[in-house]
Structure formats: C-alpha cells, structure tokens
Amino acid sequence: MTDDYALFARYYDFMEPWIAPARSAVTRAVRAAGCRRVLDVCCGTGTQAADLRRQGVRAVGLDLSKAMLAQAGRKAGLCGAALVRGDAARLPFPDAVFDGLILSFALHEKPAPVRRAMLAEARRVLTPTGRLFVLDYACPGSLAGRMVLAALSLVERKAGSEHHRAFRDYMNAGGTDAFLASENWIALRRRSFGKGTVVFYETVRHKNVST
Ligand SMILES: C[S@@+](CC[C@H](N)C(=O)[O-])C[C@H]1O[C@@H](n2cnc3c(N)ncnc32)[C@H](O)[C@@H]1O
C-alpha cells in the first residue's frame with residue numbers, strides 16, 4: 001500500500017501556526033463537553049491528540065500513514081497505545097467506546113462514499129451521546145476568504161490529483177457545512193477560522209438514527 005503522506009510528513013507541521021487557533025478551539029470544546037476518551041481519526045502528526053493528552057484527556061490518534069504516525073510518535077505523550085495505525089472507514093475498535101471523536105482536515109480529501117463511511121464509523125464507535133468534532137474547509141463568503149481558499153487550493157493540488165479531485169468535489173458541493181447538513185448530526189456549535197475558509201463543528205448524533 002502506498003503512503004500518500006510519505007514525502008509530506010516531515011514538513012506537515014510547518015502549517016501548524018496557521019491551524020493553531022482552530023486546534024485550541026477543538027481542545028477547549030472537548031474539555032467543556034467533558035469528554036474523557038477521545039479518538040482523533042486521521043490524526044496526522046498528532047498535534048491535536050498531543051494537546052489533548054497534555055490537558056489530561058485520554059486521546060488516541062489513528063492514522064493510515066506510517067510516516068505521519070512516525071512524526072506523531074515524536075510528540076510528548078504520544079507513544080504506545082496512544083497511536084494506532086488503521087483505516088478511518090473501518091475503525092479497529094468495538095462499538096460505543098469513545099465519548100468524543102475528532103475528524104480534522106480528513107473529510108475533504110475523500111470521495112463522497114468514503115466520507116460517508118468515515119462518518120458511519122464515527123457514529124458506531126461513539127457512545128449514543130458522544131460528541132463528533134469536525135474541523136475542515138468551508139466556502140467563504142468574502143473576497144478575502146476566497147483569495148485564501150485559492151491559495152489553499154494550490155496546497156491541495158500539491159497533495160496529488162486524487163486528493164485534489166476530492167477536495168474540488170467537496171468544495172463544489174458546499175464544503176463542510178453542506179456535508180454535515182446532509183448527514184444526521186445535530187450541530188451544537190459552529191465557529192469559523194481563516195477568513196471563513198475553515199469551519200469547526202461540535203455535533204451530536206440525531207436520536208432517531210441508529211447507525
Ligand atoms: C490533511 S491530513 C490531516 C491531519 C490532522 N488531522 C490535522 O488536523 O492536521 C489527513 C490525514 O488523514 C490520513 N488518512 C488518509 N486516509 C486515511 C484513512 N483511510 N484512514 C486513516 N487515516 C487516513 C492521512 O495519512 C493524513 O495523516
């Protein structure tokens with residue numbers, strides 16, 4: 001299996017200063033919700049999971065890329081059972097074992113059927129009242145936001161044609177706002193970052209939907 005992030009992994013954290021305000025918002029929301037056991041799906045280099053562990057939350061990071069997990073393993077508090085190699089669309093965990101689950105910058109790079117499978121898996125491993133925290137791209141309303149998004153689109157293009165095609169489809173369909181609205185999750189909180197190019201959602205699953 002090829003590792004799409006093999007080359008990119010060691011440079012990934014250069015983007016962290018830009019992402020940092022959104023990461024802090026995720027950590028604050030996880031703590032405010034009282035989540036004790038949290039899975040960060042597609043954790044990448046583990047910055048979010050490491051931040052949560054520093055704050056006393058039992059966070060586990062899962063990713064498919066060995067290269068990204070190797071970078072994550074260098075972060076304080078992230079080693080051993082705190083990092084798992086696995087597929088977001090087939091999570092290697094039993095049902096209802098996490099009370100928080102994070103998907104950050106993970107949905108936009110997948111075709112729609114995979115995205116939906118990832119959300120179905122999130123629903124399965126979360127407890128019935130568990131929280132899903134999503135951080136991903138949104139469609140900005142302002143000119144400044146559209147300019148930032150154009151720059152981000154160049155970064156996404158560098159990640160490869162398949163990745164870029166999924167990103168374009170995701171954004172053409174309305175980005176994270178439209179995707180989450182089409183799924184059965186109730187939004188408890190929404191906040192935007194980066195001139196409206198990134199959105200953070202805290203959601204809980206709709207009571208009437210089982211899986
Ligand atoms: C854009 S990075 C986001 C990383 C991190 N969540 C963040 O906020 O910076 C996407 C991550 O998803 C991982 N990934 C892609 N497909 C995956 C899959 N099917 N299962 C698990 N991880 C996957 C990649 O290896 C990469 O680390």
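So, a few notes on the structure that sits alongside this text. All values reported here derive from a predicted model rather than from experimental measurement.

**Comments concerning the overall build of the protein chain**
Working step 1: A tally of regular secondary structure across the protein chain gives 7 helices and 7 strands.
Working step 2: Seen in sequence order, the protein chain has helices and strands lined up from the N terminus as α-β-α-β-α-β-β-α-β-α-α-α-β-β.
Working step 3: Here the C-alpha radius of gyration of the protein chain, 16 Å, is about what a compact globule of 211 residues would show, namely 17 Å.
Working step 4: Every one of the 211 residues in the protein chain was classed for burial, and the buried ones make up 49%.
Working step 5: When contacts within the protein chain are restricted to residue pairs at least 6 apart in sequence, those whose partners lie at least 24 apart make up 69%.
Working step 6: Counting every atom, the protein chain has about 10,500 Å² of accessible surface; 54% of that belongs to carbon and sulfur.

**Considering helix α7 (residues 175-182)**
Working step 1: G175, T176, F179 and L180 are the residues of α7 that are buried. One side of α7 carries all its buried residues, which in axial view fall inside an arc of 125°. Facing away from the buried side of α7, by more than 90 degrees, are the exposed residues A181 and S182.
Working step 2: Looking at the buried side of α7, the elements it contacts are α4 (112-125), β5 (126-137), α6 (161-172) and β7 (198-205).

**Focus: the pairing of strand β6 (residues 185-193)**
Working step 1: As judged from the 8 bridges shared by β6 and β7, these two strands associate in the antiparallel manner. Across the sheet, R191 pairs through a bridge with F200, a residue of β7.
Working step 2: Hairpin connection between β6 and β7: a loop of 4 residues separates the two successive antiparallel strands, and G194 in this loop has a positive phi of roughly 55°.

**Things to note about the pairing of strand β4 (residues 98-104)**
Working step 1: Among the 7 residues that make up β4, 6 are buried, leaving the element largely enclosed by the rest of the structure.
Working step 2: Bridge count between strand β1 (residues 37-41) and β4: 4 bridges; the pairing is parallel. Each residue of the ladder has a partner; that of L39, found in β4, is L101.
Working step 3: Direction of pairing for β4 relative to β5: parallel, over a ladder of 6 bridges. Opposite L101, over in β5, you have L132 as the bridge partner.
Working step 4: Since β4 and β5 lie parallel, the crossover through α4 that links them has a hand, and here it is right-handed.

**Here we look at the pattern of salt bridges**
Where side chains of opposite charge bring their charged atoms close, a pairing between them can arise.
Working step 1: One pass over the structure, following the stated rule, counts 9 salt bridges.
Working step 2: As a salt-bridge pair, K75 and D13 come within 2.7 Å of each other at their nearest N and O atoms. On the criterion of sequence distance, the pair formed by K75 in the loop between α3 (66-72) and β3 (83-85) and D13 in the segment before α1 (16-32) is long-range, its members being 62 residues apart.
Working step 3: We note a salt bridge from E16 to R23, for which the minimum N-O separation is 2.8 Å. The burial state of E16 is the same as that of R23; both residues are buried.
Working step 4: Ionic contacts of the salt-bridge type, sharing partners, join the residues D95, E121 and R124 into one network.

**Some thoughts on the site of the ligand**
Working step 1: Near the ligand, the surroundings consist of 17 residues, among which Y12, C42, D63, S104 and K110 are the closest.
Working step 2: S104 is positioned such that a nitrogen or oxygen atom in its side chain is 2.5 Å from an oxygen atom of the ligand.

Rules used throughout
Residues numbered from 1 in each chain as written. Predicted model: local features only at pLDDT ≥ 70, side-chain atom pairs only at ≥ 80, totals over all residues. Heavy atoms only, no water. Helix = DSSP H or I, 4+ residues; strand = E, 2+ residues; numbered from the N terminus. Rg over C-alpha atoms; globule rule 2.2 N^0.38 Å. Buried < 20%, exposed > 50% of the residue type's maximum accessible area, 1.4 Å probe, protein only. Contact = heavy atoms within 4.5 Å. Areas by Shrake-Rupley, 256 points an atom, 1.4 Å probe, with all protein chains shown as cover. Arc of directions from axis to C-beta. Pairing = 2+ DSSP bridges. Right-handed = clockwise from strand over helix to strand, strands pointing away. Salt bridge = Lys/Arg side-chain N within 4 Å of Asp/Glu carboxyl O. Near = heavy atom within 4 Å. Polar contact = N/O pair within 3.5 Å; in protein donor to acceptor, adjacent residues only side chain to side chain.

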